[in-house]
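Here are the chains, one letter per residue:
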Amino acid sequence: AGWLTYLGLYALQHRGEESAGIVVRDGNKINVHKGMGLVCEVFSESSIKELKGDTAVGHVRYSTTGSSCVENIQPFCAYHKKTHISVAHNGNLTNIAALRQLMEDKGSIFQTSMDSEIIAHLIAAGCRRNIEENIIAAMKSIEGAYSLVLMIDDMLVGARDPYGFRPLCLGKFEGAYVLASETSALDLVRAEYVRDIEPGEIVFIRKDKIDSVKPFCENRKAHCIFEYIYFSRPDSNIFGNNVYLCRKRLGENLALECKLDCDIVTPVPDSGCYAAIGF
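Residues numbered from 1 in each chain as written. Predicted model: local features only at pLDDT ≥ 70, side-chain atom pairs only at ≥ 80, totals over all residues. Heavy atoms only, no water.

Regarding the overall build of the chain
Cut-off, in case you're wondering: Here a helix means four or more residues in a row that DSSP labels H or I, a strand means two or more in a row labelled E, and each is numbered from the N terminus. Each residue is assigned to one of three classes by its accessible area relative to the maximum for its type, calculated with a 1.4 Å probe on protein chains only: buried under 20%, partly exposed between the two thresholds, exposed over 50%. The contact definition used throughout considers only heavy atoms, calling two residues in contact when any of these lie within 4.5 Å. Using a 1.4 Å probe, the Shrake-Rupley method yields the accessible areas, and only the shown protein chains count as cover for residues.
Of the regular secondary structure elements, the chain holds nine helices and 14 strands. When the backbone C-alpha atoms are referred to their principal axes, the chain occupies close to 80 × 45 × 35 Å. Each of the 279 residues in the chain was classed as buried or not, and the buried ones make up 46%. Of the contacts made within the chain by residues no fewer than 6 positions apart, 56% connect residues no fewer than 24 positions apart. Accessible area of the chain: about 14500 Å², with a carbon and sulfur share of 53%.

What to know about the pairing of strand E1 (residues 19-26)
Quick note on the threshold: Paired strands, as defined in this entry, are two strands with at least two bridges between them according to DSSP.
Where burial is concerned, most of E1 is hidden: seven out of the eight residues are buried. By the bridge criterion, eight bridges tie E1 to strand E2 (residues 29-36) in an arrangement that is antiparallel. What sits directly across from Ala20, in E2, is Gly35. Counting the residues in the hairpin turn of E1 and E2 gives two residues, including Gly27, whose phi is positive at 65°. Of the pairings in the sheet, the one linking E1 to strand E3 (residues 55-61) comprises seven bridges and is antiparallel in character. Residue Ser19 lies in a different strand from E3, and its bridge partner there is Arg61.

What about the sheet that holds strand E9 (residues 176-180)?
Consider a sheet: its strands pair through backbone hydrogen bonds, and that pairing is either parallel or antiparallel. Formally: Axis angles are defined between N-to-C directions and span 0 to 180 degrees, where every axis is a line fitted to C-alpha atoms and, for a helix, only to the segment in contact.
Strand order in the open sheet made by the three strands is E9-E8-E10, with antiparallel pairing throughout. Here the strands that pair on one side only, and so sit at the sheet edges, are E9 and strand E10 (192-196). Across the sheet, the mean angle separating the axes of adjacent strands is 30° when strand polarity is ignored. Relative to E9, strand E8 (residues 169-173) runs antiparallel, the two being bridged by five bridges. By the bridge assignment for E9, Phe173 is matched with Ala176.

Points about the pairing of strand E5 (residues 83-93)
For E5, the buried fraction is high: eight of the eleven residues fall into the buried class. Sheet topology note: the strand E4 (residues 76-80)/E5 ladder contains five bridges and is antiparallel. Paired with Phe76 across the strands is Val87, a residue of E5. Taking the residues between adjacent antiparallel strands as the criterion, E4 and E5 are bridged by two residues, where Lys81 takes a positive phi near 50°. The sheet contact formed by E5 and strand E6 (residues 144-152) spans nine bridges and is antiparallel. Pairing of Ala88 across the sheet is with Val149, part of E6.

Below is the structure:
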């Protein structure tokens, strides 16, 4: 699991170049390796060999909330009531200040300045019948743009916010399920793409079994435009479209709009054509 997760992070290096981390579960033992820098700088052949196990979560970080330091490297790990929780988060929570103040007033002690840690605290503080209900309650408490991958003991959890701002896809590798921000990570490990996790959906994965819930009310969809023009790899498929082809269409539409503006405003005298953007 450690080697496959390393390859997945390598394929997603463009999403974050500040730090990288992998958490692997081997029976009841948790192996963790994190560091500042690129994936190839953080992990060596020997460190990858030590990441043995059958369940893993990895993360590459581009800090938007919380400073760029060792303490804020993800996945964030916690241990509560004999349960191990690892959180890998992509996005920003808009109600983090209010949640943090509320939880600190109740006695919570935070180790980092990341909004990812809030999620672990919310799950641990839950008083529902089981861990799945605690996770659902935690997801209903947070607001903003997020895609999440959680490892809670031997269970993997994937979640997207109700608007679907950030991408998250589901794949399969030799009978095991895989979660990734982009399909390019699936391609590198030769995993089969199954489908996108839907906006507002939470999936619970245990070995070869997957359960899905949609606890949110129906919302309008609001995909982040920067995923197409900045964040994602051209060979990835996100939000149901290929990134490269989408960029081409955006360019074509931009050229058409520019030409229409030029037709109205800036004709080129005696040339028989009009000024347009060049590609």
